[in-house]
Amino acid sequence: MIIFGTGSNTVPCGITHALFCAHCSRQNEFDLLLTYNYFHLYYVIRQVGDKHYLLLCRTCGHGWKCDPQKVEPELKRPPIPFTDRNGVLILILTIGGTFFLIGISNFIANWLKTN
Ligand SMILES: [Zn+2]
């Protein structure tokens, strides 16, 4: 049985800005967050789909979406976890590793039969 589905996650980017909040009517700290959707296979292998950067007021939670092309150069490291970013790569390496191990074990078995 193949188990698959979709999910979403929100991760902090580790960047704050002091900006004027129109909802609070004063200057507050705003946190940069990344929300993204992903497709998963067996809950482990994930591939990221849509992603949005949000700048949200720490006090009231109001904020706005940010342009990824302006935000991403500020980031020191990708905020999306490695397994979520590279799900297809992990799947390919797992399948390739399995075939490699099967090939090695067949080679060793044949070598033992001839020697
Ligand atoms: Zn606010």
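Further up the page is the structure itself.
Residues numbered from 1 in each chain as written. Predicted model: local features only at pLDDT ≥ 70, side-chain atom pairs only at ≥ 80, totals over all residues.

Undergrad: Please provide a residue-by-residue account of the overall build of the protein, values included.
TA: Across its full length, the protein holds three helices and four strands. Rg of the C-alpha trace for the protein: 22 Å, well past the compact-globule value of 13 Å for 115 residues, more than 25% over. Counting only C-alpha atoms, the protein reaches 80 × 30 × 20 Å along its principal axes. Within the protein, the fraction of its 115 residues that count as buried is 9%. Taking all contacts inside the protein whose residues are at least 6 apart in sequence as the whole, residues at least 24 apart take part in 51%. (Helix = DSSP H or I, 4+ residues; strand = E, 2+ residues; numbered from the N terminus. Rg over C-alpha atoms; globule rule 2.2 N^0.38 Å. Buried ≥ 20, exposed ≤ 12 C-beta atoms within 10 Å, placed from the backbone. Contact = placed C-beta atoms within 7 Å.)

Undergrad: Before we move on, could you go through the sheet that holds strand 3 (residues 45–57) and cite the residues and values that matter?
TA: With antiparallel pairing, the four strands of this open sheet are ordered in space as 1-2-3-4. Two strands lie at the open edges of the sheet, namely strand 1 (4–21) and strand 4 (63–66), each paired on one side alone. Strand after strand, the sheet turns through a mean of 25 degrees between neighbouring axes, direction not considered. Examined bridge by bridge, strand 1 and strand 2 (residues 26–41) share 15 bridges and lie antiparallel to one another. Across the sheet, residue Asn9 finds its bridge partner in strand 2, namely Tyr36. (Pairing = 2+ DSSP bridges. Axes fitted to C-alpha atoms, helices over the stretch in contact; angles between N-to-C directions.)

Undergrad: Before we move on, can you summarise the environment of Ile45 with the specific residues and values?
TA: Along the chain, Ile45 falls in strand 3. For Ile45, a count of 19 C-beta atoms within 10 Å puts it in the partly exposed group. Setting aside chain neighbours within four positions, we find Ile45 in contact with His40, Gly87, Ile90 and Leu91.

Undergrad: Provide a residue-level description of helix 3 (residues 87–114), including the pertinent values.
TA: Given a rise of 1.5 Å per residue, 28 residues ought to cover 40 Å, and the 41 Å separating the end C-alpha atoms of helix 3 matches this to within 8%. Along helix 3, only zero of the 28 residues are buried, which leaves the element largely exposed. (Expected span 1.5 Å × (residues − 1).)

Undergrad: Residue-level account of the pairing of strand 2, with values.
TA: Two faces make up the sheet, and in a regular strand the side chains alternate between them. Connecting strand 1 to the next strand, strand 2, in antiparallel fashion are four residues, including Ser25 with a positive phi near 60 degrees. Sheet analysis places strand 2 next to strand 3, joined by eleven bridges and oriented antiparallel. Bridging across to strand 3, Phe30 finds its partner in Cys57. Between the antiparallel neighbours strand 2 and strand 3 lie three residues, among them Tyr42 with a positive phi of about 60 degrees.

Undergrad: Go over the nonpolar core, please, and point to the residues and values.
TA: With six residues, the main nonpolar core is built from Cys13, Leu32, Leu34, Tyr36, Tyr38 and Tyr53. Element by element, the count of residues in this core is highest for strand 2, at four residues. In this structure Cys13 touches Leu32, Leu33, Leu34, Leu75 and Pro79, once residues within four positions along its chain are discounted. (Core = buried A, V, L, I, M, F, W, Y, C linked by C-beta atoms within 7 Å.)

Undergrad: Kindly report on the pairing of strand 3, identifying the contributing residues and their values.
TA: The pairing of strand 3 with strand 4 spans four bridges and is antiparallel. Paired with Leu54 across the bridge in strand 4 is Lys65. From the end of strand 3 to the start of strand 4, which pair antiparallel, there are five residues, and Gly61 there has a positive phi angle of about 85 degrees.

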